[in-house]
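Each chain is listed here by its residues.
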Amino acid sequence: MTLTRRSVLAAPALAAAAAQAPKQGVSLAAWSFSGSFFQGKWKLLELPGILRDKLGITALEHVNQFFENPVLTYLQRLKKSCADAGVESTILMVDNEGGTAAVSKAERVQSVTAHRKWIDIAHYLGCHSVRCNVYGHPEDWKNDRDLVNRAAESMHMMLDYAKGSGVNIIVENHGRASSDPDILVALVKKVNHPDFGLLCDLGNWNPGDDRYAAVRKTLPYAKGLSVKGTWGAGLDPAFDAEKLVRTALEGGYVGWWGIEVTPRRARGAERPPVEQQFADEVKTVLEAKAIVDRVVLKKS
């Protein structure tokens, strides 16, 4: 057998990925603790224990920005940390790796190449999906008629690389063009691949859009879902977290309900000291989790 970088990294993850069956459960998007992370409160190897001890959550959505040094020995330690805490890795969210919808073909190829290491890492950790972004397009994206074609080409290149790994490539509504539900649906149809889909974020829609209509339109293509709980509540009267969760549930979503929330603060307010920041993050996550527990899992 020819040894490749992926075969060395990923062989143990094949069985784990294949064993994952659709089920309702709560996962945590690591970004929910981004404030305390960037203040130095914790490191990624400690996060599975935080999920177990502070939140009672058993599934984790990783963020590539939180990986200190993703060499094999580090990944082995991370995988062991998850196993010791009884935490499953579900999604690896990738940011800052270039423009998948850039006008320049060379720039798009560079972005796709930069994503490859994260596909390998997601595979090794047992994640079902890598979340990427549709970025790099011109400011006037509403009149960019070739945007979907360019993004689809990038997604196909990633899918070709991920072939046989059991890892899906998914796109999140993450601002501007990627938060236009019609563009997202057009992209899924253009790519037309069983391992491609969406991470439907219940809150990330463009200003003025009907969040509930956007969720209903994109939900049929969702391979993951981000719950915006208390984030936004009280600041935006159109944002009803429980109604959004019910909309997704009634739309037939089955899978991990990924809590991705950050503490509410007045615009321009400074972040509090790290211990208070961390406590606020725990409280906010538990508030959002309570919505999913009550609405989806029927827990009191």
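Provided above is the structure to which this section pertains.
Residues numbered from 1 in each chain as written. Predicted model: local features only at pLDDT ≥ 70, side-chain atom pairs only at ≥ 80, totals over all residues. Heavy atoms only, no water.

(A) Spotlight on the overall build of the chain. When you go through the chain residue by residue, the secondary structure sums to eleven helices and eight strands. Across the 300 residues that make up the chain, the buried fraction comes to 54%. In the chain, of all internal contacts separated by at least 6 residues, the share reaching a separation of at least 24 is 81%. Here the chain has roughly 13,500 Å² of accessible surface; of this, 52% comes from carbon and sulfur atoms. (Helix = DSSP H or I, 4+ residues; strand = E, 2+ residues; numbered from the N terminus. Buried < 20%, exposed > 50% of the residue type's maximum accessible area, 1.4 Å probe, protein only. Contact = heavy atoms within 4.5 Å. Areas by Shrake-Rupley, 256 points an atom, 1.4 Å probe, with all protein chains shown as cover.)

(B) Geometry of the nonpolar core. Formed by 84 residues in total, the largest nonpolar core has its most connected members in Phe-67, Ile-169, Val-171, Leu-187, Phe-196, Trp-257 and Ile-259. Per-element tally for this core: the top contributor is helix H7 (residues 147-162), with eight residues. Leaving out residues up to four positions away in the same chain, Leu-187 has contacts with Val-134, Val-148, Ala-151, Ala-152, Val-171 and Phe-196. Listed in part, the five residues of the second largest apolar core include Ala-29, Ile-91, Met-93 and Leu-199. (Core = buried A, V, L, I, M, F, W, Y, C linked by side-chain atoms within 4.5 Å.)

(C) Quick look at the side chain of Arg-108. Its place among the elements puts Arg-108 in helix H6 (residues 105-125). Given a relative accessible area of 6%, Arg-108 falls into the buried group. A polar atom in the side chain of Arg-108 sits 2.8 Å from the backbone oxygen of Ala-102. Not counting chain neighbours up to four residues away, the residues in contact with Arg-108 comprise Gly-99, Thr-100, Ala-101, Ala-102, Val-103, Arg-150, Glu-153 and Ser-154. (Polar contact = N/O pair within 3.5 Å; in protein donor to acceptor, adjacent residues only side chain to side chain.)

(D) Region of the structure containing the packing of H7 against helix H8 (residues 181-191). Two elements in contact, H7 and H8, have axes separated by 9 Å at closest approach and are oriented at 50 degrees. Relative to H8, the element H7 lies oblique. The chirality of how H7 crosses H8 is right-handed. Contacts between H7 and H8 involve Leu-147, Val-148, Asn-149, Ala-151, Ala-152, Met-155, His-156 and Leu-159 from the first element and Ile-183, Ala-186, Leu-187, Lys-190 and Val-191 from the second. Across the contact of H7 with H8, the residue classes break down as ten nonpolar, two polar and one charged. (Axes fitted to C-alpha atoms, helices over the stretch in contact; angles between N-to-C directions. Parallel < 35°, antiparallel > 145°, perpendicular 65-115°, else oblique. Left-handed = near helix turned anticlockwise from the far one by under 90°. Nonpolar A, V, L, I, M, F, W, Y, C, P; charged D, E, K, R; others polar.)

(E) Fine view of the pattern of salt bridges. Applying the stated criterion across every chain, the model contains 19 salt bridges. For the salt bridge of Glu-153 with Arg-108, the shortest nitrogen-to-oxygen distance reads 2.7 Å. Placement of the pair is Glu-153 in helix H7 and Arg-108 in helix H6, with a sequence separation of 45 residues. Salt-bridge contacts for Lys-228 lead to Glu-260; the nearest nitrogen and oxygen are separated by 3.2 Å. Within this pair, whereas Lys-228 is found in the loop between strand S7 (222-227) and helix H10 (241-250), its partner Glu-260 is found in the loop between strand S8 (256-259) and helix H11 (274-295), the two being separated by 32 residues in sequence. Residue Lys-228 is classed as buried on the basis of its relative accessible area of 6%. Overlapping salt bridges, with partners in common, bring together Asp-95, Arg-131 and Glu-172 in one network. (Salt bridge = Lys/Arg side-chain N within 4 Å of Asp/Glu carboxyl O.)

Everything listed here is a matter of geometry and, on its own, says nothing about what the molecule does.
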